[in-house]
Amino acid sequence: SIRDACLPQDEPAILSFIIGLQDYEAAFEPDRRRDPDFAVEHWRELQHRCAEKHGVMLIAEHFIPEVGVKPVGWAFAHDQNAELFVVEPERHHGFLAELYVAPQARGKGLGRALIEGCEAWARARGHKLLQVGVLARNGRAIRSYEGAGYAAYGITMRRYL
């Protein structure tokens, strides 16, 4: 099931999701921070961004035998403004900034449910568009978002000098 995050009760789980996402992405993107202070710093910044940009934090829960119902994933989305060259109806839109499902809970539709929860939040905010940023080497996430109806809009390229 998907529900709104309850703070401070969900904070330990969210911190573990932040670390889990960094660990997952570090396998194919070596620029990920892995220091002990990162999760707490990032969590503070996300809370600030959530308040400032009218965001939503959702928790995915799953029944685990011998443990009961437990948080196993999360998503964070917020309002975002595009550049002035974007037409007005699409300039103010939603942005899905974070999504993570713990390895033991993957493949059960929880990621898709979190995406749908963020889409419902965006529609309720009056948005006509929800964007998401995905690392180019994160093929699993790209396939998941494509399966949910998302398509590439722009590509950021880089070259280390």
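Overview of the structure. Numbering of residues begins from 1 in every chain and follows the order in which that chain's sequence is written. In keeping with the model being predicted, local features are shown solely for residues with a pLDDT of at least 70 and side-chain atom pairs are shown and tallied solely at 80 or more, while totals for entire chains, interfaces and linings include all residues. Excluding hydrogens and water, the side-chain values take into account all heavy atoms of the structure.

## Looking at the side chain of His-127
What counts here: In this description a helix means any DSSP run of H or I spanning at least four residues, a strand means any run of E spanning at least two, and both kinds are numbered starting from the N terminus. Within 3.5 Å is the distance limit for a polar contact, defined as a pair of N or O atoms, with the added protein rule that one can donate a hydrogen and the other accept it, and that residues adjacent in sequence qualify only through two side-chain atoms. Contacts: residue pairs with any heavy atoms within 4.5 Å of one another.
Structurally, His-127 is set in the loop between helix 4 (110-124) and strand 5 (130-132). Looking at His-127, its side chain comes within polar contact range of the main-chain oxygen of His-92, at 3.5 Å. Apart from the residues lying within four places of it in its own chain, the contact partners of His-127 are Asp-79, His-92, His-93, Gly-94, Trp-121 and Ala-122.

## Observations regarding the side chain of Asp-10
Here Asp-10 is to be found in the loop between strand 1 (2-4) and helix 1 (11-26). The residues touching Asp-10, leaving out its near neighbours within four places in the chain, are Arg-3, Asp-4, Ala-5, Ile-59 and Pro-71.

## With respect to the nonpolar core
Test applied: By convention a nonpolar core is built from buried Ala, Val, Leu, Ile, Met, Phe, Trp, Tyr and Cys residues, the set being connected through side-chain atoms within 4.5 Å. The buried label applies to any residue whose accessible area, calculated with a 1.4 Å probe on protein chains only, is under 20% of its type's maximum; exposed applies above 50%, and partly exposed to all values in between.
Judged by nonpolar contacts, the single largest core of 19 residues is most densely connected at Leu-96, Leu-110, Leu-114, Cys-118, Leu-130 and Tyr-145. Looking at which element gives the most residues to this core, the answer is helix 4, with six residues. Those residues within four positions of Leu-130 in sequence are excluded, and the remaining contacts are Gly-94, Phe-95, Leu-96, Cys-118, Glu-119, Ala-122 and Tyr-150. Counting residues in hydrophobic clusters, the runner-up holds 17 residues, among them Leu-15, Ile-18, Leu-21 and Ala-102.

## Considerations on the packing of aromatic side chains
Defined as follows: A pair of Phe, Tyr and Trp rings is counted when the ring centres sit within 6.5 Å of each other, with Trp represented by its six-membered ring. The angle between the planes then sorts it: under 30 degrees is stacked, over 60 is edge-to-face, the rest tilted.
One pass over the structure, following the stated rule, counts five aromatic pairs. Ring geometry for Trp-43 and Trp-74: centres 6.1 Å apart, planes at 70°, overall edge-to-face. Here Trp-43, found in helix 2 (residues 38-52), pairs with Trp-74, found in strand 3 (residues 68-81); they are 31 residues apart in sequence, far enough to count as distant. Assigned by exposure class, Trp-43 and Trp-74 land together as buried. Residues Trp-74 and Phe-76 carry aromatic rings whose centres are separated by 6.4 Å and whose planes lie at 10° to one another, so their mutual orientation is stacked. Taken together, Trp-43, Trp-74 and Phe-76 form an aromatic cluster joined through their ring pairs.

## Looking at the packing of helix 1 against helix 2
Inclusion rule: The convention used is that axes are lines fitted to C-alpha atoms, helices contributing only their stretch in contact, and that angles between N-to-C directions extend from 0 to 180 degrees. Reported orientations rely on four angle classes, namely roughly parallel under 35 degrees, roughly antiparallel over 145, roughly perpendicular from 65 to 115, and oblique for the rest. Throughout, a crossing is termed right-handed when the near helix is turned clockwise from the far one, and left-handed when it is turned anticlockwise from it by less than a right angle.
In contact at an axis separation of 9 Å, helix 1 and helix 2 are set at 115° when each is read in the N-to-C sense. As summarised for this structure, helix 1 and helix 2 are arranged roughly perpendicular, according to the angle between their axes. Taken as a pair, helix 1 and helix 2 cross one another with a handedness that is right-handed. Residues Glu-11, Ile-14, Leu-15, Ile-18, Ile-19 and Gln-22 of helix 1 form the contact with helix 2, whose own contacting residues are Phe-38, Ala-39, Val-40, His-42, Trp-43 and Leu-46.

## Here we look at the pairing of strand 2 (residues 56-64)
The line we're drawing: Pairing between strands is defined by DSSP: at least two bridges between them are needed.
Two strands pair when backbone bridges link them, and strand 1 and strand 2 are joined in this way by three bridges, in the antiparallel orientation. Of the residues in strand 2, the one forming a bridge with Asp-4 is Leu-58. Across nine bridges, the pairing between strand 2 and strand 3 is antiparallel. Looking at the pairing, Ala-60 lines up with Gly-73 of strand 3. Hairpin connection of strand 2 to strand 3: three residues between the antiparallel strands, including Glu-66 at a positive phi of 70°.

## Some remarks on the pairing of strand 4 (residues 92-101)
The buried count for strand 4 comes to seven of ten residues, which makes it a mostly enclosed element. As paired elements, strand 3 and strand 4 share nine bridges and run antiparallel to each other. In the sheet register, Ala-75 faces strand 4, and the bridge partner there is Leu-99. Bridge count between strand 4 and strand 5: three bridges; the pairing is parallel. Paired with Leu-96 across the strands is Val-132, a residue of strand 5.

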